[in-house]
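Structural overview
Listed here are the chains, written in short residue letters.
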Amino acid sequence: SRLAEIAGELAVLQAAAGVVGGVLRFANCDGIDIAGCELYGCGTYGLGIERTNGFSMDRCLVHDCTYGLAEISRSGDLSFTDTTFAATGEYDLVSIRDSDHVSWTNCVFSENWGSALFTVDDDCRDIVLAGCSFVDNETERFCDGLERVRVSGSTFEGNGFEPPW
């Protein structure tokens, strides 16, 4: 898909048999813009992004997902701005594999729980968290693969992990 724009409220509801899937999933896409959306529900992850280039999410709320907030793999040029990621948990919350130029700017991560807030593998580069707030997260660790992440101007308050400095 090319140049998709999404705005509004999106939810995945639980079927009688259990979880039915993620709230939004993009595979082999270019030019995705999401603005002013609320993503929530019983989907496995709020966002699934695979082999996607040119993705932006602005002024959104991602919350109450069953397993985690986002799974990102083999993607590039992704930006998340002024977006809140909250009240989600089970495993690693944001998993990034084999991706580059991924940034979170002025985002809020609050009241999440699980193993690690971020997991970044050895094949990632230029992963940035700038001006973000991390509040009341009960994850065991902030980030697996922290040496591949640049954190600047961010605040940490009431979390179950130590700040990354």
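Now for a quick tour of the structure. Because the structure is a prediction, the values reported are computed rather than measured. (Residues numbered from 1 in each chain as written. Predicted model: local features only at pLDDT ≥ 70, side-chain atom pairs only at ≥ 80, totals over all residues. Heavy atoms only, no water.)

Considering the nonpolar core
Let me state the cut-off plainly: Working definition of a nonpolar core: buried Ala, Val, Leu, Ile, Met, Phe, Trp, Tyr and Cys residues. They are joined through side-chain atoms within 4.5 Å. Think of it in three bands: with a 1.4 Å probe and only protein chains considered, a residue is buried below 20% of the maximum accessible area for its type, exposed above 50%, and partly exposed in between. Helix and strand definitions follow DSSP, with helices as H or I runs of at least four residues and strands as E runs of at least two, each counted in order from the N terminus. Contact criterion: two residues are considered in contact whenever any of their non-hydrogen atoms come within 4.5 Å of each other.
Counting residues in hydrophobic clusters, the biggest one holds 41 residues, and the most contacted among them are F55, F80, W104, F109, F118 and F134. If one sorts the elements of this core by residue count, strand 3 (residues 30-41) sits on top with four residues. Not counting residues within four places of it along the chain, the set of residues in contact with F80 comprises L47, I49, F55, M57, I72, F85, V102, S103, W104, T105 and C107.

Some details on the pattern of salt bridges
Stated formally: Salt bridge, as used here, is a side-chain nitrogen of Lys or Arg placed within 4 Å of a carboxyl oxygen of Asp or Glu.
On inspection of all chains with the given rule, the structure shows nine salt bridges. The shortest N-O distance in the salt bridge between R25 and E50 comes to 2.7 Å. Of the two residues, R25 sits in strand 2 (residues 24-27) while E50 sits in strand 4 (residues 45-50), which places them 25 residues apart along the sequence. With relative accessibility at 56%, the residue R25 sits in the exposed group. Here D126 and R150 are joined by a salt bridge, their closest N and O atoms 3.9 Å apart. With D126 in strand 14 (residues 125-130) and R150 in strand 17 (residues 149-152), this pair connects stretches of sequence that are 24 residues apart.

Points about unusual backbone geometry
Both trends apply: most residues other than glycine have a negative phi, and most peptide bonds are in trans. Even without glycine at this site, R59 takes up a positive phi of about 55°. Structurally, the position occupied by R59 is in the loop between strand 5 (53-58) and strand 6 (61-63). A positive phi angle, close to 55°, is found at D136, a residue other than glycine. Relative to the helices and strands, D136 resides in the loop between strand 15 (133-135) and strand 16 (138-144).

Some thoughts on the state of the cysteines
Definition in use: A pair of sulfur atoms, both from cysteines and within 2.5 Å, is called a disulfide here.
Applying the stated rule across the entire model yields zero disulfides. Free of any disulfide, C60 has its nearest neighbouring cysteine sulfur in C37, separated by 4.8 Å. Judged by relative accessible area, which is 5%, C60 ranks as buried. With no disulfide of its own, C107 lies closest to C132 among cysteine sulfurs, the gap being 4.8 Å. A residue is classified by how much of its surface remains accessible, and C107, at 1% relative accessible area, is buried.

Considering the environment of A27
Looking at the element boundaries, A27 is found in strand 2. In this structure A27 comes out as partly exposed when scored by relative accessible area, which is 36%. Residues A27 and I49, 22 residues apart in the sequence, show an inter-C-alpha distance of 6.1 Å. Residue contacts for A27: discarding those within four places in its chain leaves E50, R51 and T52.

Interpretation in functional terms is not warranted from these geometric data alone.
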